[in-house]
Amino acid sequence: EKAGYKHFMLKEINEQPRAVRDTTLGRVSLETGKVFLPDMKISPAEFRAATGITIAACGTSWHAGLAGKFMIERLARLPVDVDYASEYRYRDPIPSPTDIGLLITQSGETADTIAAQHELIAKGSKTLAICNVVGAAVTRLAQGTITTNAGPEIGVASTKAFTAQLTALFTFALYLAQVRGTVDDTTSLHLVTELSRVPGKIEEILRSVDDQCHELAKHFSTARDFLFLGRGIHYPIALEGALKLKEISYIHAEGYPAGEMKHGPNALIDETLPVVCIATKDPSDPSSVLKYEKTLSNIQEVTARSGRVIAIAIEGDEHIGQLVEHVIHIPQSHELLLPILEVVPLQLLAYHIAVRRGCDVDQPRNLAKSVTVE
Ligand code: F6R
């Protein structure tokens, strides 16, 4: 059942190339760059007239939503709010009837997410679901569903469902952009081509970093706390890296926007604190390069205080190796697709640390795969 893997989580981490590929299958044309979202009861005219998107989700799916905000705002130039589903209806939200609600959920049965959906519908919004389970509750209430074809996820810690959600969000952002006329054909074709290269790049990462994460686990499995830093679209991935580590290894971990460190958390840094910094860049994108440079100075603030940095950087970035103790290299990609690659080493790092600590990786204490109570 585990196909030779020691745990479902490890099997599912390794299934990500396929999960991502299957999530794009039949939805994008590699010839024209066009995106198709079939069975959508929200018309292109409604998407064109939309004034905003409200995303509600929980946990890992909420992290995907935070990354999705960057994708949608950048490509479709439409404002996006991201809410914890468990908070949404208690603040008496004010969506406009021309806002579209987007629920992101692996199981499609999370009570908080469904409650947020009811609230959106009651306030007049149409809702769309990104869901991994065909026919799940959330999809029955929604006017459209983008199924993440990750296949059944058994490990309590979400892995392949997350990368499939990021893929679905990228596809949706590009669809919106095409419908709303905010991308031209050349850009569309470029983005779709980059998307089609992601599965192969995940395969490369799985081959190249597993041993390294295993080694790093030896160094860091006894740490009491961990910090994960990122900027922009990489910040949600820092949050996800921290969540993976805490839920399966029971090590306290926090994700933080790199630029916020000097506003308080720098006080935590000492020689015992591992700090995982996402320091990737898309060299063809000036805003990505600028963010990267800012992140490098944040890294130097950490090393100056003897913090032990593990950096995630793109292949060919040799400079960063001179600044930090450990570097995990991943292939280069478009800025909006890098998150799908960055999270893979963070999953493996959490996995190997948890295994080393003798934790039950697939069934962490106090957690359930599907949370059907509010
Ligand atoms: C973390 C994890 C949870 C879920 C959350 C939402 O690894 O799995 O944080 O992401 O409970 O579940 P879904 O996506 O089924 O709504």
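Heads up: these notes are all about the structure in this document. (Residues numbered from 1 in each chain as written. Predicted model: local features only at pLDDT ≥ 70, side-chain atom pairs only at ≥ 80, totals over all residues. Heavy atoms only, no water.)

## Section: the site of the ligand
Right, on to step 1. Of all residues adjacent to the ligand, which total 13 residues, the nearest are Ser61, Thr105, Gln106, Thr110 and Glu247.
Right, on to step 2. Here Thr60 contributes a backbone N or O atom positioned 3.1 Å from an oxygen atom of the ligand.
Right, on to step 3. Glu247 places a side-chain nitrogen or oxygen 2.5 Å from an oxygen atom of the ligand.
Right, on to step 4. For the ligand, the protein covers 89% of the area, taking 400 Å² as the surface of the free molecule.
Right, on to step 5. Elements that contribute at least two residues to the shell around the ligand include exactly helix 4 (59–76) and helix 10 (235–249).
Right, on to step 6. Element by element, the count of residues in the shell around the ligand is highest for helix 4, at three residues. (Near = heavy atom within 4 Å. Polar contact = N/O pair within 3.5 Å; in protein donor to acceptor, adjacent residues only side chain to side chain. Areas by Shrake-Rupley, 256 points an atom, 1.4 Å probe, with all protein chains shown as cover. Helix = DSSP H or I, 4+ residues; strand = E, 2+ residues; numbered from the N terminus.)

## Digging into the pattern of salt bridges
Right, on to step 1. Per the stated rule, a full pass over the model turns up 20 salt bridges.
Right, on to step 2. When the shortest N-O distance is used, the salt bridge between Glu203 and Arg21 registers 3.6 Å. Taken together, the positions of Glu203 in helix 9 (residues 185–220) and Arg21 in helix 2 (residues 16–24) put the pair 182 residues apart, joining distant regions of the chain.
Right, on to step 3. We classify Arg21 as partly exposed; its relative accessible area is 36%.
Right, on to step 4. Here Glu247 makes a salt bridge to Lys244, at a shortest N to O gap of 3.3 Å. (Salt bridge = Lys/Arg side-chain N within 4 Å of Asp/Glu carboxyl O. Buried < 20%, exposed > 50% of the residue type's maximum accessible area, 1.4 Å probe, protein only.)

## Some points on the nonpolar core
Right, on to step 1. Ranked by size, the top nonpolar core spans 92 residues in total, and within it Phe47, Ile53, Ile72, Leu102, Phe172, Phe226 and Phe228 carry the most contacts.
Right, on to step 2. Beyond its immediate chain neighbours, meaning those up to four positions away, Leu102 contacts Ile53, Thr54, Ile55, Ala56, Leu128, Ile130, Leu169 and Phe172.
Right, on to step 3. In terms of nonpolar packing, the next biggest core, distinct from the first, is built from 19 residues, Tyr292, Leu296, Val309 and Ala313 among them. (Core = buried A, V, L, I, M, F, W, Y, C linked by side-chain atoms within 4.5 Å. Contact = heavy atoms within 4.5 Å.)

## Topic: unusual backbone geometry
Right, on to step 1. With a phi close to 60°, Asp39 is a non-glycine residue in the positive phi region.
Right, on to step 2. Within the element layout of this structure, Asp39 appears in the loop between helix 2 and helix 3 (44–49).
Right, on to step 3. Phi is positive for Asp92, close to 45°, though the residue is something other than glycine.
Right, on to step 4. Asp92 gets classed as exposed once you look at its relative accessible area, which sits at 54%.

## Focus on the sheet that holds strand 8 (residues 274–278)
Right, on to step 1. Strand order in the open sheet formed by five strands is 7-6-8-9-10, with parallel pairing between adjacent strands. At either margin of the open sheet sits one strand with a lone partner, and together these are strand 7 (252–257) and strand 10 (326–330). Looking at each pair of strands side by side, their axes are set apart by 20° on average, direction ignored.
Right, on to step 2. Summarising the sheet, strand 9 (residues 308–314) and strand 10 pair through five bridges and their orientation is parallel. Directly across from Ile310, in strand 10, lies its bridge partner His326. (Pairing = 2+ DSSP bridges. Axes fitted to C-alpha atoms, helices over the stretch in contact; angles between N-to-C directions.)

## What to know about the packing of aromatic side chains
Right, on to step 1. For the structure shown, the criterion picks out five aromatic pairs.
Right, on to step 2. Ring plane angle 15° and centroid distance 4.0 Å describe the contact between Trp62 and Tyr84, whose orientation is recorded as stacked. With a gap of 22 residues between them, Trp62 in helix 4 and Tyr84 in strand 2 (residues 80–84) connect regions that are remote in the sequence.
Right, on to step 3. For Trp62, a relative accessible area of 11% gives the class buried. (Phe/Tyr/Trp six-rings, centres within 6.5 Å; stacked < 30°, edge-to-face > 60°.)

## Overview of helix 2
Right, on to step 1. Taken together, the buried positions of helix 2 are Gln16, Pro17, Ala19, Val20, Thr23 and Thr24. Viewed end-on, helix 2 has its buried residues packed into an arc of 170°, placing them on one side of the element.
Right, on to step 2. Looking at the buried positions of helix 2, the neighbouring elements they touch are helix 1 (8–14), strand 5 (144–147), helix 8 (160–180), helix 9 and helix 12 (338–356).
Right, on to step 3. A positive phi of about 75° marks Gly26, the residue just after helix 2. (Arc of directions from axis to C-beta.)

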